[in-house]
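The residues making up each chain are set out below.
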Amino acid sequence: MRAGALLFSAALGFAVLAGCARKSALVKFDPLQNAYDTEPDWNDAQRIIPLNYEEAQGKQIFYEQCVWCHADQTPAGPSNRSNVTPAPPLWNDGATLNSLSDAFLEKFTAQGGTAMGKSAMMPAYGQTLTPEEIRAVVAYARAIAVPALRATSRPGQK
Amino acid sequence: MNPQNVRGLIGWVRRVFFGDPARRFAWVSLLLTLSLAVAPTKDFFRQSRQYQRQYSKVIERRPDARALRGRMVSGIHQIWLPDLGILDRCTTCHLGIAEPTLADASVPQPFRAHPPIPHDAEKWGCVVCHRGQGPATEVAEAHETTVAWEQPILPVHFIQASCGTCHLDDLPQAPQLDQGRQLLARFDCTGCHKIAGIDRPAMLGPDLTDIGTKVSREWLYKWLKEPRTIADANGNVTVDGIDFGEPRMPTFRLSDSELQDLSAYLSTRNAHPIRPYHFDPRIVASLSKRQDVADQGEARFRQMFCSTCHSLAVTRAGETSLIGGDIGPELTKIGSKVNPDWLAAWLRNPQEYLPHSQMPRYEWSDADLYEVTRYMETKLTDPDLLADVPKLGSPTKTEIEAGQRLFVDKGCASCHVTEGLSPQEDFGPDLSAIGSRNISQLDFGPAKVQPTLIAYLKSKISNPLSVNPSGRMPQYHLDQASLDAVTTALLSLTGPPSTRGMEKLIVARQNPEFHPAGEFGKLYERYKCYACHKFNGFGGTLAPDLSYEGSRATRQWLLQFMENPQTLRPTLVLRMPQFNMPERDAAVFADYFETAMQSPAVDATLDRKQFTPTMAAAGKQLYEKKYQCQACHTIGSAGGYVGPSLGNAGNWLTPGWIEAWLRNPQALVPGTIEPRQAFTADEIQALTAYLLTLKQSGPANGAAAAPSARGTK
């Protein structure tokens, strides 16, 4: 009788305490509500791509510096892409850029075409943009790439 | 249960628990032990501990498990910012926040690394930006609204609001916040609300003291009913607005009789009657005979580049779009709007009617003025514009008096001036701390929205009646992106800094003003140069910054350009207007630029003669082969569109400017998109020599002051 009462009250106490602790779950987020900025897929305006802070900064730099030659439409009118040779890859061109490592793209942007043995029409940006800014532009390319770059296969990831 | 049994039970409890001192002692100590166990047990089941155990499992599967395990600290983590009054335990669960190898999407939350940001997350913690309850160690308490804590986590979509609580100045890294702040200013929210950081400008809506001399009572009725005269199938293109797709004047929900009264009141505002302009009768006689006088006017309208500031709706293949700038109002139906005498008087001197107007005062010949006004009166019209307005007749005294009362009651007086009326004080609520408002302080009214501040703000702005059916706030028509931007800007308004530590962090807003005196100052006001150009940090962004124009352009070129502004840039829609500036005005500008608008980085003594043809030949090689500048610049017709044409660089630019520019373009024009190259001193000399040889004959060729292709910077 005594032991029973003892056990009963102990069990009750633990049950109450355990009930207080809610189950922890891995929380799921809506990717667009939790994006710093977004960009529509260049090939499919309906598909909205979430961008994190770094990618969003890359987007801004891209639309200031690179859009003229690395896109077919610019905010200010016609693209300059047809005036340069060879035609630069579109910045969302996953088929071309996915196979190149972050380190290569960053180096190419910083040093320009000539230093990399390619067309001098790609200027060197190493004295205009900081390494962080260049990394951001590359991160932006990765975010908007079509076909998409699989995170696990991302080359040269730091 | 009968009393006998109850008594028996109590007796039993007495005997078993307190029968003798030993029993008493045993039971009390057991109870004590149990109550002491409550805290550790609770701690054992704490969510944060569960997350810490989960984290250990997650990192076990990673290739760098050892290193991650080594850096993992169990127990409660804490960042304390006493200056800000912030205690932050978020990293107790968000364990991988500073682990760069946990950045990819395969890492489950809450363990993923934070994307790189300019502030050190380990130093500042999370709640500074994300809000929520820092000391909590339970998900719901930390993230959501609770009874004791009403500030939930800010969704990342609105996170730029947090940037705005300290950074009161423009912040290019936070475009949504910047856009929202611009919209708050553009839509004149400060007309009715107090908003810290946004100054009330001298003029919000136009001064209506003499509106009766400008438009008819019918037009006023139509405008007040719905201030949009053009809309495409989606209702996107509107009266005034290109980027924003929205007129600055909101829609007031006015009844028919209110419209009658207000239009009566406003159409009788004509204290200063228009003095009709008397054209030279010979010019009128010769021009009015011509069939094509309106076409001539249209050609002049184009040549003068009115479209740099004013847009016209153009319908092509069923789609209407506005072509032109948005500094001034859209003009598609101006001929059906304004009185012809008013139009001629306005064009001759806009500031006589509206002292604060940004419209420059052009120099007109009678022929030009006649042709352009005929064009606007006959071609920019819409015969159906006022078709749905009832017959109004002449205003009665009762209508006018009622209209005057409405003008104050409805809040018109908060943005518009009329003679003798002053606005109601504090017409709308103070919004300076709206972003930290608790939910219990909000009145959701009949709105069926989630009980959050964000949902409240969005509902209120997109439809003010949704939360308050009898409210006075007018209706704006914002698209989703603008609505989110305005919401972000409002969320950033958290009131005055709560602590001294916070005060130290505030990055103040800079509002430079530049209004020089003297002859130049008068012309600067007359031509409203600062509507488009920047001078020492003050002015518009449409056209190039002229702070160093005296170092950049040669005097000869400046004089020619102002007389006949042109650009060779093929892609530019917006150009410097043709002011028909007299030579003496151009000379005043050139003088002032030469003396006052100089860059210390430019060597003004550099002489053209020291650049030899040999240098120029070497420069040509560098330009065409090594650096291939033609990727972005044209000479003649070949080349790229990104930078200005250089075909006339030798006439346009000074040697000192070219040299300094090649050394470091950003030092001369911060933020210019010209990439800085690693030229050697010899290369700079050679390129300068080459550019100085590039000359075109003819008036002010050369593109020169053309804005960069994106029209700013």
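Residues numbered from 1 in each chain as written. Chains lettered and ligands numbered in written order. Predicted model: local features only at pLDDT ≥ 70, side-chain atom pairs only at ≥ 80, totals over all residues. Heavy atoms only, no water.

Visitor: Help me understand the overall build of chain B, please; the structure alone is not making it clear to me.
Guide: Summing up its helical and strand segments, chain B has 30 helices and eight strands in all. For chain B, the C-alpha radius of gyration of 35 Å lies well beyond 27 Å, the compact-globule estimate for 713 residues. Once the C-alpha set of chain B is aligned to its principal axes, its extents read approximately 130 × 85 × 50 Å. By the burial criterion, 48% of the 713 residues in chain B qualify as buried. Taking all contacts inside chain B whose residues are at least 6 apart in sequence as the whole, residues at least 24 apart take part in 66%. Carbon and sulfur atoms make up 56% of the accessible area of chain B, which totals about 35400 Å². (Helix = DSSP H or I, 4+ residues; strand = E, 2+ residues; numbered from the N terminus. Rg over C-alpha atoms; globule rule 2.2 N^0.38 Å. Buried < 20%, exposed > 50% of the residue type's maximum accessible area, 1.4 Å probe, protein only. Contact = heavy atoms within 4.5 Å. Areas by Shrake-Rupley, 256 points an atom, 1.4 Å probe, with all protein chains shown as cover.)

Visitor: Explain the confidence of the model for chain B to me, please; I cannot follow it from the model alone.
Guide: Note that predicted coordinates carrying low pLDDT should not be read in detail. Residues and elements named next belong to chain B. For chain B, per-residue confidence averages 87 on the pLDDT scale, and 94% of positions sit at 70 or higher. Note that pLDDT drops below 50 for residues 235–245; the model gives that stretch 39 contacts with residues more than four away or on any other chain. Within the model, pLDDT remains below 50 along residues 699–713, and this stretch shows 59 contacts once partners closer than five positions in the same chain are excluded. Taken together, the chains of this predicted complex give a pTM of 0.86 and an interface ipTM of 0.82. (pLDDT = per-residue confidence, 0-100.)

Visitor: Help me understand the interface of chain A and chain B, please; the structure alone is not making it clear to me.
Guide: The accessible area lost on association of the parts is a frequent measure of interface size. Between chain A and chain B, the contact holds 43 residues from the first and 56 residues from the second. Carbon and sulfur atoms supply 59% of the area that chain A and chain B bury against each other, a total of about 4400 Å² over both sides. Remark: the boundary between chain A and chain B carries zero salt bridges. Inspection of the region where chain A meets chain B yields nine residue pairs in polar contact (both at pLDDT 80 or more). Contributions of two or more residues to the side of chain A that touches chain B are made by helix H1 (2–20) and helix H2 (53–70) of chain A. By residue number, the principal contributor to the side of chain A that touches chain B is H2 of chain A, which donates seven residues. (Buried area = accessible area lost by both parts, 1.4 Å probe. Salt bridge = Lys/Arg side-chain N within 4 Å of Asp/Glu carboxyl O. Polar contact = N/O pair within 3.5 Å; in protein donor to acceptor, adjacent residues only side chain to side chain.)

Visitor: Whenever I open this one, helix H30 (residues 681–692) of chain B confuses me. Can you help?
Guide: Helical geometry note: an α-helix holds 3.6 residues per turn, so side chains three or four residues apart project in the same direction. All names here are of chain B. Its twelve residues place the ends of H30 17 Å apart at the C-alpha level, agreeing with the 16 Å of an ideal helix rising 1.5 Å per residue. In terms of burial, H30 is a largely internal element, nine of the twelve residues being buried. For H30, the full list of buried residues reads Glu683, Ile684, Ala686, Leu687, Thr688, Ala689, Tyr690, Leu691 and Leu692. Against the buried residues of H30 lie helix H26 (613–626), strand E7 (634–635), helix H27 (649–652) and helix H28 (655–663). (Expected span 1.5 Å × (residues − 1).)

Visitor: What should I look at first to understand the domain arrangement of chain B in this one?
Guide: Each domain of chain B was delimited in the assignment, giving domain 1 (3–39), domain 2 (47–153), domain 3 (166–200 + 427–505), domain 4 (211–378) and domain 5 (548–709). Taking only C-alpha atoms into account, the centre of domain 1 of chain B sits 93 Å from that of domain 4 of chain B. (Domains from an automatic or database assignment.)

Visitor: Looking at this structure, I do not really get the nonpolar core. What am I missing?
Guide: Soluble globular proteins tend to bury their nonpolar side chains together. If you look at the biggest cluster of nonpolar residues, it comprises 103 residues, and the most contacted ones within it are Leu347, Met376, Phe407, Phe535 and Phe589 of chain B. With seven residues, the top contributor of residues to this core is H30 of chain B. Viewed by domain, this core spans two of them, domain 4 (211–378) and domain 5 (548–709) of chain B, each represented by three or more residues. Dropping the residues within four chain positions of it, phenylalanine 535 of chain B is found in contact with Phe514, Phe520, Tyr524, Cys529, Tyr530, Leu546, Ser547, Phe593 and Met597 of chain B. Counting 36 residues, the second largest nonpolar core, distinct from the first, contains Cys66, Trp68 and Cys69 of chain A together with Val642 of chain B. (Core = buried A, V, L, I, M, F, W, Y, C linked by side-chain atoms within 4.5 Å.)

Visitor: How do you make sense of the environment of threonine 308 of chain B when you look at a structure like this?
Guide: Residues and elements named next belong to chain B. Take threonine 308: it is sitting in the loop between helix H13 (293–303) and strand E3 (311–316). Along the sequence, threonine 308 and glycine 325 sit 17 residues apart, while their C-alpha atoms lie 4.9 Å from each other. Those residues in contact with threonine 308, other than ones at most four positions away along the chain, are Gly325, Leu542, Leu574 and Arg575. There is a polar contact of 2.4 Å between the side chain of threonine 308 and the backbone oxygen of arginine 575.

Visitor: Please clarify how the state of the cysteines should be interpreted in this entry.
Guide: When the sulfur atoms of two cysteines share a covalent bond, that bond is a disulfide. Taken as a whole, this structure holds zero disulfides over all chains when the rule is applied. Just so you know, cysteine 126 of chain B is unpaired, no disulfide at all, and the nearest cysteine sulfur is the one on cysteine 90 of chain B, 4.2 Å from it. You can call cysteine 126 of chain B buried: its relative accessible area is 17%. Note on cysteine 632 of chain B: no disulfide assigned, nearest cysteine sulfur contributed by cysteine 69 of chain A at a separation of 5.2 Å. (Disulfide = S-S within 2.5 Å.)

Visitor: What exactly am I supposed to notice about the pairing of strand E2 (residues 44–51) of chain A here?
Guide: Along any regular strand, the residues point their side chains to alternate faces of the sheet. Residue and element names in this part refer to chain A. Here five bridges tie strand E1 (residues 37–41) to E2, and the two strands are oriented antiparallel to one another. Within E2, the residue paired with glutamate 39 across the bridge is isoleucine 49. Between E1 and E2, which pair antiparallel in sequence order, lie two residues. (Pairing = 2+ DSSP bridges.)

Visitor: How should I be thinking about the packing of aromatic side chains in this particular structure?
Guide: Each aromatic ring pair is characterised by the separation of its centres together with the angle its planes make. Under the definition given, this model contains 37 aromatic pairs over all chains. Plain terms: the ring middles of tryptophan 42 of chain A and phenylalanine 62 of chain A are 5.7 Å apart, the flat faces sit at 45° to each other, and that makes the pair tilted. Residue tryptophan 42 of chain A is found in the loop between E1 and E2, and its partner phenylalanine 62 of chain A is found in helix H2; the two are separated by 20 residues along the sequence. On the basis of an interplanar angle of 50° and a centroid distance of 5.4 Å, the ring pair of phenylalanine 187 of chain B and tyrosine 476 of chain B is categorised as tilted. Here the residue phenylalanine 187 of chain B occupies a position in the loop between helix H9 (175–186) and helix H10 (217–225), and tyrosine 476 of chain B occupies one in the loop between helix H19 (453–462) and helix H20 (480–491), the gap between them amounting to 289 residues. A relative accessible area of 14% means that tyrosine 476 of chain B is categorised as buried. The ring of phenylalanine 427 of chain B is capped by arginine 472 of chain B, whose NZ or CZ atom sits 4.0 Å from the centre of that ring. (Phe/Tyr/Trp six-rings, centres within 6.5 Å; stacked < 30°, edge-to-face > 60°. Lys NZ or Arg CZ within 6 Å of the ring centre and 35° of its normal.)

Visitor: Would you explain the side chain of glutamate 683 of chain B in this entry?
Guide: Residue and element names in this part refer to chain B. Residue position: glutamate 683 is located in helix H30. Classification of glutamate 683 as buried rests on a relative accessible area of 10%. In this structure the side chain of glutamate 683 is engaged in a polar contact, spanning 2.8 Å, whose partner is the side chain of tyrosine 627. The contact partners of glutamate 683, leaving out residues within four places of it in the chain, are Leu622, Lys626, Tyr627 and Ala678.

Visitor: How do you make sense of helix H5 (residues 131–144) of chain A when you look at a structure like this?
Guide: All names here are of chain A. Between its terminal C-alpha atoms H5 stretches 20 Å, which fits the 20 Å expected from 14 residues at 1.5 Å a residue. Where H5 is concerned, the buried positions are Ile134, Ala136, Val137, Val138, Ala139, Tyr140, Ala141, Arg142 and Ile144. Elements in contact with the buried residues of H5: E1, E2, H2, helix H3 (94–97) and helix H4 (102–115).

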